[in-house]
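Take a look at the letters that make up each chain.
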Amino acid sequence: MYKRWLPSVTTALLLVCALLIPIAGVSGAETVGGTGAAEVAGGTAEAAASNLVLEQTFTTVSNGWSKVERWKDNNPMFAAEDYPQDGRGDQDGQRLTFFGGVKKPHSSRFLLYYAPKYDSNPVKTPVLLVHGANDNADRAWANPNELGSYGCGAISCPGTGMMQDLVGKGYKVFAINFPHKQGDNYYSAEQIHDAITIIQNVTGESKVDVIGWSKGAFASRMYASSVKKAGGTSYSQDIRKLVLVGNPNKGFDYIFRHGWSHNLSIFPECGGVVNAPSPHTQMVCWGISRNHPELSIYNTASGNFFPGQKQMLGKWVDEYPLPALEQDWYTTYYGGQGFFTNSNGIDAAIQQGSLVEPILNAGIPASIQTYLLSGDKNDIPAIHSEHTGPSDGVVFIASAAAVQGIGNVAGNVTVQHNHLQLGWAAASAKQIDQWLKQN
């Protein structure tokens, strides 16, 4: 869950490091503000812009982007987040250069990607692309083949993505890249607002179309619903259309439903290296019990390493029975000591910070045209796909297509793609283009 948050190759995934490409940068320290932002979005945008500082601009960028900027939001609500100690959650590829060589960036920083013709394409309303968990703006939107075979949800992956498709159809396209790959969605929601404010300032448009994928969709919905931390920004009437792609609108429980298989890609002694949370604090690998609470989804004495995953949890056991033939299925979901694993259970994780119910209760304003895109192909190569109910391999369709709390459901479509394909495959791109063109 999300696309990018979860299982092995599943959400975004990750494990293969891209080549680090040297780039030229023009440094600066420019504060965004003034009458431009105020005129576009009013006092709230002006206040937000006063916190934003442009730290550096990069003009030699891979994967077809025009330029990338690194921004810092000086709002005191941002705090440094915990990263997995073994480096599996560190920034990599060209993003590492953009974050100034800092492998574990502070959560107050983010990258804004500019696509070609961002200032000249004819479609009036600009588009902001928001990636999911354990992913990045490059793999998600511009080069699904960045990780090679299987990294895009298919055996063979294309070298261009939705960014190039939208640019070719006349859209002004931007994308955000978050500092923490599994970070707090409160921070992500605030940075989505920041990105919109910058785009307003650049284009002069009062509203932006937002396309969020997986965890990115979850955070986008949070912002639109004004679900925020103290000191955070309420929705500022700056979204025209909101496209939620593979979003766990009513939560997901994949991690606990298929914990044993999921775990094999996480615990290092079992050969795991994936940057995703385990439902277990302990597991037997090669006959020896291994203790790794820091790789679990729970808050631990050593930190809270996967807050964004916890925030998306929701129980589906009443709708779809648990897979009773999978190892330690009962203790994984409900908590306790199994034959090979120990879990605190999904209820403990939900109590530590699920935001599904608060978001549903807050609702999306009817002024936003909201679109839901789900996948019905539950066969993601190389991972244990969700098979206990109709799904995209990670998120149940009943969650991704749920309309509860949405004030204006302008479209709700299911396509024949899996969770990872939803962000780049043909049926998704065609459907999203049709939605964006509607009045």
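The rules behind these values
Residues numbered from 1 in each chain as written. Predicted model: local features only at pLDDT ≥ 70, side-chain atom pairs only at ≥ 80, totals over all residues. Heavy atoms only, no water. 1 Å grid on protein atoms, 1.4 Å probe; cavity = no way out; pocket = protein on both sides within 12 Å on 5 of 7 lines; lining within 4 Å. Points joined across faces, edges and corners; volume = space filled by probe spheres on them. Helix = DSSP H or I, 4+ residues; strand = E, 2+ residues; numbered from the N terminus. Nonpolar A, V, L, I, M, F, W, Y, C, P; charged D, E, K, R; others polar. Core = buried A, V, L, I, M, F, W, Y, C linked by side-chain atoms within 4.5 Å. Buried < 20%, exposed > 50% of the residue type's maximum accessible area, 1.4 Å probe, protein only. Contact = heavy atoms within 4.5 Å. Pairing = 2+ DSSP bridges.

The name that an unreviewed UniProt entry assigns to the protein chain is Esterase/lipase family protein, with the source organism given as Paenibacillus oleatilyticus.

As a further point, take the layout of surface pockets. In this structure, the second largest pocket occupies an estimated 180 Å³ of space. Along its surface, the second largest pocket is lined by 14 residues, and Lys-250, Gly-314, Lys-315, Val-356 and Glu-357 are the ones closest to its centre. Among the elements that make up the lining of the second largest pocket, the one with the highest residue count is helix H12 (residues 356-362) (four residues). For the lining of the second largest pocket, the per-class residue count stands at seven nonpolar, three polar and four charged.

Residues Leu-128, Ile-239 and Phe-256 are the most contacted members of the largest nonpolar core, which totals 59 residues. With seven residues, the single largest contributor to this core is helix H5 (residues 185-203). Not counting the four nearest positions on each side in its chain, Phe-256 is found in contact with Pro-279, Ile-297, Tyr-298, Leu-313, Thr-332, Tyr-333, Ser-343, Gly-345, Ile-346 and Ala-349. Ranked by size, the runner-up nonpolar core spans 38 residues in total, among them Phe-99, Leu-111, Ala-140 and Trp-213.

Before going further, it helps to spend a moment on the environment of Phe-218. Looking at where Phe-218 falls in the secondary structure, it is placed in helix H6 (residues 215-224). Phe-218 sits 31 residues away from Asn-249 along the chain, and the two C-alpha atoms are 7.2 Å apart. Once residues lying within four places of it in the same chain are set aside, the contact partners of Phe-218 are Asn-185, Asn-247, Pro-248, Gln-311, Met-312, Leu-355, Val-356 and Ile-359.

A separate point is the sheet that holds strand E10 (residues 288-291). Spatially, four strands are ordered E10-E9-E12-E11 in an open sheet, and the strand pairing comes out antiparallel. The sheet terminates laterally at E10 and strand E11 (336-337), the two strands that pair on one side only. In the sheet, strand E9 (residues 280-285) pairs with strand E12 (residues 341-343) via three bridges, with the strands oriented antiparallel. Looking at the pairing, Gln-282 lines up with Asn-342 of E12.

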